[in-house]
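Listed here are the chains, written in short residue letters.
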Amino acid sequence: MTTLAGSFATNQDLDADLLRQAFGFFPSGVVAVAAEIDGRPIGLAASSFTSVSIDPPLVSVNIAVSSKTWPDLKRAPHLGVTILADHHASVCRQLAGPVETRFAGVAHSVTDDGALLLDDGLARFDCTVYREVEAGDHVLVLLELHAVDHVEQGAALAPLVFHRSGFSRLRRG
């Protein structure tokens, strides 16, 4: 085992580029967070989704404080969260693009409560905002789940993975 005590400087000046590079080593899945608001689809992609609790059923996403989409999304009565599959890289890029074209050509459904869900996601959740926690340059959003569906266990689909500023696929076996 190598010890870092002598060469691992504490109280470093942690610049944003250094942090992004270090954080990028941890792969994460990607989700679409979306709703229909005032008759139009609104949404974004997030790579910070995680399960939080079974009782009550909670998940979380982190949204940049600078997001121009989140203020609209959070006023929706329900939000849809869709776990993206590995074939969704272009959809993910589209969800980061111009607001008016984010859902152009993307098959989706809207619940009676306005949660927007991608039709071919791996898992889909109908949620409401449970709590927002200010966290530096992001907002940690806890979402309470009200409904869930997912693809069958044996399906040959894999999640979209964000790793080192790009998309990857999981290798099975």
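Details of the structure are given in the entry above.
Keep in mind the model is a prediction, meaning the values are calculated, not measured.

A. Representation of the overall build of the chain in the model. The helix and strand inventory of the chain stands at three helices and 12 strands. When burial is assessed residue by residue, the chain has 35% of its 173 residues classed as buried. In the chain, the share of contacts with a sequence separation of at least 24, taken over all contacts with a separation of at least 6, comes to 63%. When the accessible surface of the chain is summed, it comes to about 10,700 Å², and 53% of that surface belongs to carbon and sulfur atoms.

B. Seen up close, the side chain of Arg124. Within the secondary structure, Arg124 is located in strand 9 (residues 123–135). Within the structure, Arg124 has its side chain in polar contact with the backbone oxygen of Leu118 (distance 3.3 Å). Contact partners of Arg124, with chain neighbours within four places excluded, come to Val81, Thr82, Leu117, Leu118, Asp119, Ala147, Val148 and Asp149.

C. Quick peek at the sheet that holds strand 5 (residues 58–64). Read across the open sheet, the seven strands follow the order 3-2-6-9-10-5-4; overall the sheet is antiparallel. A strand with exactly one partner marks an edge of an open sheet, and here the two such strands are strand 3 (40–46) and strand 4 (50–53). Averaged over all pairs of adjacent strands, the angle between their axes in this sheet comes to 40°, without regard to strand direction.

D. The arrangement of the side chain of Ser60 in detail. Mapped onto the secondary structure, Ser60 falls in strand 5. Ser60 gets classed as buried once you look at its relative accessible area, which sits at 5%. Those residues in contact with Ser60 that sit more than four places away from it in its chain are Ser48, Phe49, Thr50, Val52, Leu140, Val141 and Leu142.

E. How the structure looks around the pairing of strand 4. For strand 4 and strand 5, the ladder comprises three bridges, and the chain directions are antiparallel. Bridged to Thr50 within strand 5 is Ser60. Between strand 4 and strand 5, which pair antiparallel in sequence order, lie four residues.

F. Expanded view of the nonpolar core. Val33, Val61, Leu73, Leu79, Val81, Val141 and Leu143 are the most contacted members of the largest nonpolar core, which totals 22 residues. Those elements that place two or more of their residues in this core are strand 2 (31–37), strand 3, strand 5, helix 2 (70–73), strand 6 (79–83), strand 9 and strand 10 (138–150). Membership of the second largest hydrophobic core comes to 13 residues, among which are Val30, Leu95, Phe103 and Val106.

G. View of the layout of surface pockets. Here the second largest pocket defines a volume of roughly 160 Å³. For the second largest pocket, the full set of lining residues is Phe49, Thr50, Ser51, Val52, Ser53, Ile54, Pro57, Leu58, Val59, Phe125 and Leu145. Contributing elements (two or more residues each) for the lining of the second largest pocket: strand 4 and strand 5. If one sorts the elements of the lining of the second largest pocket by residue count, strand 4 sits on top with four residues. Class assignment for the residues of the lining of the second largest pocket results in eight nonpolar, three polar and no charged.

H. Quick look at the pairing of strand 9. Summarising the sheet, strand 6 and strand 9 pair through five bridges and their orientation is antiparallel. By the bridge assignment, Gly80 is partnered in strand 9 with Asp126. In the sheet, strand 9 pairs with strand 10 via 12 bridges, with the strands oriented antiparallel. Across the sheet, Cys127 pairs through a bridge with Leu145, a residue of strand 10. Connecting the antiparallel pair strand 9 and strand 10 is a turn made up of two residues, with Gly136 showing a positive phi of about 65°.

The rules behind these values
- Note that residues are indexed from 1 along each chain, following the sequence as it is written.
- Residue-level local features of this predicted model are given only where pLDDT is at least 70; pairs of side-chain atoms are given and counted only at 80 or more, and the full residue set underlies all totals for whole chains, interfaces and linings.
- As a convention, hydrogens and water are excluded, and side-chain values are obtained from all of the structure's heavy atoms.
- Here a strand is any run of E in DSSP of at least two residues, a helix any run of H or I of at least four, and the numbering for each starts at the N terminus.
- Remark: exposure states derive from per-residue accessible area (1.4 Å probe, protein chains only) relative to the maximum for the residue type, with buried under 20%, exposed over 50%, and partly exposed in between.
- Residue contacts follow a heavy-atom distance rule, with two residues in contact if any of their heavy atoms lie within 4.5 Å.
- Using a 1.4 Å probe, the Shrake-Rupley method yields the accessible areas, and only the shown protein chains count as cover for residues.
- Pairs of N or O atoms within 3.5 Å make up the polar contacts considered here, provided that, within protein, one atom can donate a hydrogen while the other can accept it, and that residues adjacent in sequence are counted only when both atoms are side-chain atoms.
- Strand pairing follows a simple DSSP-based rule, namely that at least 2 bridges must link the two strands.
- Axis definition: a line fitted to C-alpha atoms, over the contacting stretch in the case of helices. Angles run 0 to 180 degrees between N-to-C directions.
- Side-chain atoms within 4.5 Å are what join buried Ala, Val, Leu, Ile, Met, Phe, Trp, Tyr and Cys residues into a set we call a nonpolar core.
- Here a cavity is any set of points on a 1 Å grid over the protein atoms alone where a 1.4 Å probe fits but cannot get out, and a pocket is any open set with protein on both sides within 12 Å along at least 5 of 7 lines; a residue lines the site when it has an atom within 4 Å of a point.
- Grid points are joined across faces, edges and corners, and a volume is the space filled by probe spheres set on the points.
- Under the grouping applied here, Gly and all other residues not named as nonpolar or charged are polar, the nonpolar ones being Ala, Val, Leu, Ile, Met, Phe, Trp, Tyr, Cys and Pro and the charged ones Asp, Glu, Lys and Arg.

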